[in-house]
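Chain by chain, the residues:
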Amino acid sequence: QVQLVESGGGLVQPGGSLRLSCAASGFSISAYAMTWYRQAPGKERELVAHITDAAGSTNYKESVEGRFTISRDNAKNTVYLQMNSLKPEDTAVYYCNAHYYFTSYWGQGTQVTVSS
């Protein structure tokens, strides 16, 4: 059974940090491009950070560049999103996606709330 399970979300004060994890099961992520998306209430889902399969090249939404870091551990079949200097506008449900040609898997999401 293919699954992506996100964890690590929660409530954090502005300026704080969180580390999200996305653990895959039922398939190997090594051939997959991995992406973190987020969706805030009343807004469309948006790409936050992306990492390619082999070379591990990364790209980020402009507003998180320099604050967020995406990484992958193929041996652990897990992708991470380190989020620093969090802002209230980062509040959203964060989703993990695995993509390989016409195959795409989604996790169920994890809530991140940045508030004092």
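Relevant structure appears above.
The structure presented is a predicted model; accordingly, all values stated were derived computationally and were not measured. (Residues numbered from 1 in each chain as written. Predicted model: local features only at pLDDT ≥ 70, side-chain atom pairs only at ≥ 80, totals over all residues. Heavy atoms only, no water.)

(A) Expanded view of the sheet that holds strand E1 (residues 3-7). Spatial strand order, E1-E3-E8-E7: four strands in an open sheet with antiparallel pairing. Pairing within the sheet leaves two strands with one partner each, and these edge strands are E1 and strand E7 (68-73). Along the sheet, successive strands turn relative to each other by an average axial angle of 15 degrees, direction set aside. Bridge analysis of E1 against strand E3 (residues 18-25) gives five bridges, and the strand direction is antiparallel. When the bridges of E3 are listed, Ser7 appears paired with Ser21. (Pairing = 2+ DSSP bridges. Helix = DSSP H or I, 4+ residues; strand = E, 2+ residues; numbered from the N terminus. Axes fitted to C-alpha atoms, helices over the stretch in contact; angles between N-to-C directions.)

(B) Summary view of the state of the cysteines. Tallied over the entire structure, the rule returns one disulfide. Shown here is the disulfide that connects Cys22 with Cys96, its sulfur atoms set 2.1 Å apart. Across the S-S bond of Cys22 and Cys96 the torsion is about -80 degrees, and the bridge reads as left-handed. Remark: Cys96 occurs in strand E9 (residues 92-100) and Cys22 occurs in strand E3; sequence separation between them is 74 residues. A single burial state applies to Cys22 and to Cys96, both of which are buried. (Disulfide = S-S within 2.5 Å. Buried < 20%, exposed > 50% of the residue type's maximum accessible area, 1.4 Å probe, protein only.)

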